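# Tertiary structure, described
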Amino acid sequence: MIGLLVVTHGNLGKSLLESIAIIAGEVKCSASVGLYHGDSPIQLKEEIQEKVEALNTGEGVIVLVDFYGGTPGNEVMKLLTTNEMKVLSGVNMAMLLEIVVNREFSNDLEALAKTALQSGKESLQDLNEVYNHLIAKAGE
């Protein structure tokens, strides 16, 4: 199974995994790492490396980070040359759910990451516009 690691500021990653478990059940082969005020980036990178190694069962690891340019993402990027992983920024529930549901059926790291990224992008909606469109369509 493709491993799943969520690396964020604070408890965000842990909370996202707990929230996905409400929808999809136990999230196997997954972990989170959080960066807190005063933490050392070097220690963060070491913790990420340990988690990636533990989660890689031979099919690689998808690492989701909170946003591009932040310390969690920057430290993950430093590990790209030494690990079989795919790293995506901008983690959201749609991306996470896509990965959790589909990695049971796929061992293609690149394809799963691409699907998750697309799902994450498509989940970004202005719900006021969606609502207004639905109301207008219902009146036709």
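Rules and cut-offs
Residues numbered from 1 in each chain as written. Predicted model: local features only at pLDDT ≥ 70, side-chain atom pairs only at ≥ 80, totals over all residues. Heavy atoms only, no water. Axes fitted to C-alpha atoms, helices over the stretch in contact; angles between N-to-C directions. Helix = DSSP H or I, 4+ residues; strand = E, 2+ residues; numbered from the N terminus. Parallel < 35°, antiparallel > 145°, perpendicular 65-115°, else oblique. Left-handed = near helix turned anticlockwise from the far one by under 90°. Contact = heavy atoms within 4.5 Å. Nonpolar A, V, L, I, M, F, W, Y, C, P; charged D, E, K, R; others polar. Buried < 20%, exposed > 50% of the residue type's maximum accessible area, 1.4 Å probe, protein only. Arc of directions from axis to C-beta. Polar contact = N/O pair within 3.5 Å; in protein donor to acceptor, adjacent residues only side chain to side chain. Pairing = 2+ DSSP bridges. Salt bridge = Lys/Arg side-chain N within 4 Å of Asp/Glu carboxyl O.

Looking now at the packing of helix α1 (residues 12-24) against helix α4 (residues 93-102). α4 packs onto α1 with a crossing angle of 55 degrees between their chain directions and a minimal axis gap of 10 Å. Put simply, α1 runs oblique to α4. Read as a crossing pair, α1 and α4 show a hand that is right-handed. On α4, the residues that touch L16, L17, S19, I20, I23 and A24 of α1 are M93, L96, L97 and V100. Among the residues making up the contact of α1 with α4, the classes are represented as nine nonpolar, one polar and no charged.

Here the focus is α4. For an α-helix, the turn length of 3.6 residues means that residues three or four places apart are oriented alike. What α4 keeps buried is the set M95, L96, I99 and V100. Summarising the axial view, the buried residues of α4 lie within an arc of 125 degrees, below the 170-degree limit, and thus occupy one face. Contact partners of the buried residues in α4: β1 (3-9), α1, β3 (61-65), β4 (85-89) and α5 (109-122). Between the side-chain oxygen at the start of α4 and the backbone nitrogen of A94 there is a gap of 3.1 Å, and the oxygen is on N92.

The next thing to look at is the sheet that holds β3. Strands in a sheet are paired, the pairing made by backbone hydrogen bonds, and the direction either parallel or antiparallel. Strand order in the open sheet formed by four strands is β2-β1-β3-β4, with parallel pairing between adjacent strands. Every other strand in the sheet has two partners, leaving β2 (30-35) and β4 as the edge strands with one partner each. For this sheet the average axis-to-axis angle between neighbouring strands, irrespective of direction, equals 20 degrees. When β1 meets β3, the two strands line up parallel, connected through five bridges. Across the sheet, V7 pairs through a bridge with V65, a residue of β3. Across the sheet, α1 is in contact with β1 and β2; its angle to β1 comes to roughly 135 degrees. Taken strand by strand, helix α2 (residues 41-55) contacts β1, β2, β3 and β4, and its axis lies near 175 degrees from that of β2.

This structure, assessed with the given rule, holds two salt bridges. We note a salt bridge from K86 to E110, for which the minimum N-O separation is 3.2 Å. Here the residue K86 occupies a position in strand β4, and E110 occupies one in helix α5, the gap between them amounting to 24 residues.

So, to be careful, I would describe these as geometric facts and stop short of saying anything about function.
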